[in-house]
Amino acid sequence: MTLASSPPLSPTAADSQEARRERTILSVPEHTVEVVSDPGEGAQKCAQIFGRVSARMGNGVWTVEIIPAEIQPPARTPESASGNRIRIGTKPVTNWGDHANVVVAFNEQVLLHRHRLGALAKDAIILIEDQWATHDDPDIRKAWADAMDELGQRSYRFVHVPMEQECLTLTDNPRRGKNMFALGLLAWVYSRDLDKIREQIAQEFRKKAKALYDMNVALLELGHRWAEEHLDVRIHVPAIEADRPRVVMNGNQALAMGAIAAGMELCAMYPITPATSASHFLSDIFERFGGIVHQAEDEIAAAGVAVGASYAGKVAFTITSGPGLALKTEFIGLAVMTEIPLVVVDVQRGGPSTGLPTKVEQGDLLAALFGQPGDAPHVVLAPATMEECFLSMTTARRVAEAFRCVVIVLSDANLATGVQPFPRPEVNEQWLAQPPDLSPVREGLRPYEWDAERGLSPRFIPGQPGGMHTVTGLSHDEWSHVGYTPDVHERGCVMRSRKLAVFQQMLKPPQVHGAEAGDLLVVGWGSTLGAIEEAVDRARDEGLAVSSLHLRFLSPLEPGLKEIFRRFKKVMTVEINYSDDPGAPYITEENRRRGQLCWLLRAQTLVDIDCWTRVPGEPLRPGQILQAIRDHVPQEVSR
C-alpha cells in the first residue's frame, strides 16, 4: 500500500509499480474498519455490505453505526460524521472493540471527529479522499491543512485516494457512487468475494432500475482495480467454516423475525428512531405470514390498538423508543389492570426528551420497571445479542399469554443497527401461539378466577359463549365488578404481583463468566455483554480475580443473585446510563445517584453494590471497561 507519514503523499505511477513489487499480506485474527462520510454519501451502505459479505464468508462480525444526532448537520464538519465501524474476526465478534485499524474517510473533517474521539489505532491506515487538498475554495484548503496538522500528531499512515476523480470517469454525480468505489477498495484490501458483493448490491437495489445496479457494480469494480494497482498491503482475517448455517441481520431485523416466529399477528407502531426500522422490515414481509403492521396516529393510539387486538384474541405487540414508552404508559397500565397479554418493545436511545435519538443508551430501565402510577407488576427482559433479540420475542409472547401480563423487551440502538451473524434458528412450532380457546365458558367460572396461590386466571375471549363480562381499568373483583371495598383492591394487587413471583421461581440462576468467586464481580445487562466479557477476560489475563454476570431478566430478577454476590469481595455494575462520579463536587455517599441496574440490585439484595457508568452516545469499549475494572478491584488485592 502506498503509505506515508504525515504529510500524506498522492501515489504516482512509479509509486504504484513500487507498491506492486513490495505488496505484502498481513494475516491477523481480527481487524476493525471504519467508513465515514457526510450524511447522504452512502458510507453506511458501503460498510453494511462489507460487514454482511464478511459474515457470509465466515468471519465473525459486529458492526456499529456512526451517526450524527441530527438528520442533516452541516457538511464537512466533524459533527457530520456518518458511517459504520465493522469489526471482523476469525472467531465470533461480540462488540465493536477499541480502535479502528483501517479507515476510509470521504473528507478530513469526519476523520477529525473520529480522531478526537480516540477511535483510531495509533498506526491506523487511512484511505482519504484527496480532492480537498487542492480544492478551489481557499477555506476548504485551509481546513484540510489545519486538519492534517492536527492528525499529523499521531502516527497514522495516509493514502491519498482520488475517489471523486476516479468516479467521475463513470458518473456525473460521484457523491452518489463514491461509496461503491470505497467498497471496492475494501474488497481488495480484505480479499472479499466480489460475486458475494454483487449479490448483496443486487439485494440492496432490488427495487431500483437495473441501470442503477449496473452503475454501482461498475464503481465497485473501479475501486477494486484502483486498489489493486496502487495499494501494497492486504489484510487477511482467516474465517472458520461454520458447522451450522448462519443468518446475518441486525437487532431490529431479528426482533421482527422473532415476532413472526412467535406467531404474532399485529404490530402497532408510530415511527420513532431507532425502533422504526424494525417495523419497516416487518412491513415488507409480515403479510406473507398473515400479520399486519398498523401505523397509528401517535404512540398512545399504537398502544391502544395493540391492547385492543390482544383483548380480542390476537397476538399483538407494539414497538417504540423511550419517549414513546412514556406516552404508552396509560395503556400499559390498563393492560396490567385488565390482565390483557401485551408485548412492548422499547429500543432505547439517549434521553431524556429528544435527547440523543440516534445514539445508544441504557437509560430506560427504571422507566420500564416503574413508570406507572400505582403498582403495575410486569415482566422486563433485555436481550444481549442479535440472536437474543430474535429469541426474546418468542419468550415474551409465551410469558405474556401464560401469565396474562405485560412483557417489555428492552433492546437498544447498539443492537438495533448493529449486524452480527448467528446460527440460523430452527423454527419450533411451540414458539407459535395456539389459537384462542373459544369453547363455552364453564358455568360459574369468573373472568378473574384467580388461583389463590399463583395468581393466575383463565383468559376469556370476546364472543366466547358464557364469557360475557365488563372489562374495566378500575380496581375489580373476580367477576370484573368494580370494587369499592378495601379488600377488593388489596386482593387484586396481591394476585397480579403473585404471578411475577411464580414466574421468577421458573427462572434459572444466571451463569457467571469466569471463576465462581473472586475479588470483583462485574454485572451488566443488554448490549454491553460482549464488551464486558472481553474486558473481564483481559483483566483475568493480567492476573486479576474478576468475573462477570449478565442479566437477561430485570423484572423479576433472576434467582440466586445474593448468593452469587456473596462470593465476591466487591460487586460493580457497568452500564450505559448516568451516575454521579463519587469524587464530584457536592456528591456524597448519601446523595449520589447510581446506575439504574445498580440502584435496582442494591434495593433488591441489600448488597453494597458500586457502579461504573458512562453516557458517551456510543457503545462502551472493552478497553474502557478494563480500566474501570483495574480502578475498582479492591486495593488490598495483590496480583
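Everything quoted here is computed from the prediction, not taken from an experiment.

Trainee: Which residues make up the pairing of strand E4 (residues 82-89), and what values do they have?
Mentor: Burial analysis of E4 places 8 of its 8 residues in the buried class, the great majority of the element. Side chains Ser-82, Asn-84, Ile-86 and Ile-88 of E4 all project onto a buried face; the interleaved residues Gly-83, Arg-85, Arg-87 and Gly-89 project onto the opposite face, where all are buried too. Pairing between strand E2 (residues 30-37) and E4: 8 bridges, direction antiparallel. The residue of E4 that forms the bridge with Ser-37 is Ser-82. As paired elements, strand E3 (residues 60-66) and E4 share 7 bridges and run antiparallel to each other.

Trainee: Please give an account of helix H9 (residues 251-261) that cites residues and values.
Mentor: By the criterion of burial, H9 is predominantly enclosed, with 10 of the 11 residues buried. Turning to H9, its buried residues are Gly-251, Asn-252, Gln-253, Ala-254, Leu-255, Ala-256, Gly-258, Ala-259, Ile-260 and Ala-261. Sitting at the head of H9, Asn-250 places a side-chain oxygen 3.1 Å from the backbone nitrogen of Asn-252. Positive backbone phi, at 80 degrees, marks Gly-263, one or two positions downstream of H9.

Trainee: Explain the sheet that holds strand E17 (residues 512-513) to me, using residue names and the numbers behind them.
Mentor: The strand order E17-E19-E18-E21-E22 describes an open sheet built from 5 strands, whose pairing is mixed. Both outer strands of the open sheet, E17 and strand E22 (610-613), are each paired with one neighbouring strand and no more. As paired elements, strand E21 (residues 568-575) and E22 share 4 bridges and run parallel to each other. What sits directly across from Glu-575, in E22, is Thr-613. Lying over the sheet, helix H20 (residues 596-605) contacts strand E18 (518-525), strand E19 (546-551), E21 and E22, oriented at roughly 140 degrees with respect to E21.

Trainee: An account of the nonpolar core is requested, with residue identities and associated values reported.
Mentor: In terms of nonpolar packing, the biggest core is built from 52 residues, with Phe-317, Ile-319, Val-343, Val-345 and Met-393 touching the most fellow members. Ranked by the residues each element gives to this core, the list is headed by helix H15 (residues 386-402), at 7 residues. Those residues in contact with Ile-319 that sit more than four places away from it in its chain are Cys-267, Ala-268, Met-269, Ala-275, Ala-278, Glu-299, Lys-328, Val-345 and Val-347. The next biggest cluster of nonpolar side chains, apart from the first, holds 47 residues, and it includes Val-161, Leu-220, Leu-231 and Val-419.

Trainee: Report on helix H3 (residues 108-116), specifying residues and quantitative values.
Mentor: Along H3, 7 of the 9 residues are buried, which leaves the element largely enclosed by surrounding structure. When H3 is considered as a whole, its buried residues turn out to be Glu-108, Gln-109, Val-110, Leu-111, Leu-112, Arg-114 and His-115. Two or three places before Gln-109, at the opening of H3, Asn-107 has a side-chain oxygen 2.8 Å from that residue's backbone nitrogen. Looking one or two residues past H3, Gly-118 carries a phi angle of roughly 70 degrees, positive in sign.

Trainee: I'd like to hear about the packing of aromatic side chains, residue by residue, with values.
Mentor: A full pass over the atoms with the stated rule returns 7 aromatic pairs. For the pair Phe-370 and Trp-599, a centre-to-centre distance of 6.0 Å together with 70 degrees between the ring planes defines the contact as edge-to-face. With a gap of 229 residues between them, Phe-370 in helix H14 (residues 365-370) and Trp-599 in helix H20 connect regions that are remote in the sequence. Here Phe-370 falls in the partly exposed class, since its relative accessible area comes to 48%.

Trainee: Describe the pairing of E18, naming the residues involved and giving the relevant values.
Mentor: Along E18, 8 of the 8 residues are buried, which leaves the element largely enclosed by surrounding structure. In this sheet, E21 lies alongside E18 in parallel orientation, the contact comprising 5 bridges. In the sheet register, Gly-518 faces E21, and the bridge partner there is Phe-568. By the bridge criterion, 6 bridges tie E18 to E19 in an arrangement that is parallel. Bridge pairing links Val-523 to Leu-549 in E19. Between the parallel pair E18 and E19, the chain is carried across by helix H18 (residues 529-541), and the sense of this crossover is right-handed.

Trainee: Help me get a handle on the confidence of the model for the chain, residues and values and all.
Mentor: Of all residues in the chain, 96% have pLDDT values of 70 or greater, and the mean over the chain is 93. Confidence over residues 1-14 falls short of pLDDT 50; this stretch has 40 contacts with residues more than four positions distant or in other chains.

Trainee: Tell me about the side chain of Ser-321, residues and numbers included.
Mentor: Residue placement: Ser-321 occurs in the loop between strand E12 (316-320) and helix H12 (322-327). A distance of 3.2 Å separates a polar side-chain atom of Ser-321 from the backbone oxygen of Thr-273. In this view, Ser-321 contacts Ile-272, Thr-273, Pro-274, Ala-275, Asp-346, Val-347 and Arg-349; residues no more than four positions away in its chain are not counted.

Trainee: Please give an account of the pattern of salt bridges that cites residues and values.
Mentor: If you walk through the whole model with that rule in mind, you get 38 salt bridges. With a closest N to O distance of 3.3 Å, Glu-129 and Lys-178 form a salt bridge. One end of the pair, Glu-129, is in strand E6 (residues 120-129); the other, Lys-178, is in helix H6 (residues 178-189), and 49 residues separate them in sequence. By relative accessible area, Glu-129 is classed as buried at 0%. Notably, a salt bridge pairs Arg-602 with Asp-608, separated by 2.8 Å at the nearest N-O pair. Exposure remark for Asp-608: the relative accessible area of 59% places this residue in the exposed category. Among the charged side chains, a network of salt bridges with common partners joins Glu-30, Arg-87, Asp-98, Glu-534 and Arg-538.

Calculation criteria
- Residues numbered from 1 in each chain as written.
- Predicted model: local features only at pLDDT ≥ 70, side-chain atom pairs only at ≥ 80, totals over all residues.
- Heavy atoms only, no water.
- Buried < 20%, exposed > 50% of the residue type's maximum accessible area, 1.4 Å probe, protein only.
- Helix = DSSP H or I, 4+ residues; strand = E, 2+ residues; numbered from the N terminus.
- Pairing = 2+ DSSP bridges.
- Polar contact = N/O pair within 3.5 Å; in protein donor to acceptor, adjacent residues only side chain to side chain.
- Contact = heavy atoms within 4.5 Å.
- Axes fitted to C-alpha atoms, helices over the stretch in contact; angles between N-to-C directions.
- Core = buried A, V, L, I, M, F, W, Y, C linked by side-chain atoms within 4.5 Å.
- Phe/Tyr/Trp six-rings, centres within 6.5 Å; stacked < 30°, edge-to-face > 60°.
- Right-handed = clockwise from strand over helix to strand, strands pointing away.
- pLDDT = per-residue confidence, 0-100.
- Salt bridge = Lys/Arg side-chain N within 4 Å of Asp/Glu carboxyl O.

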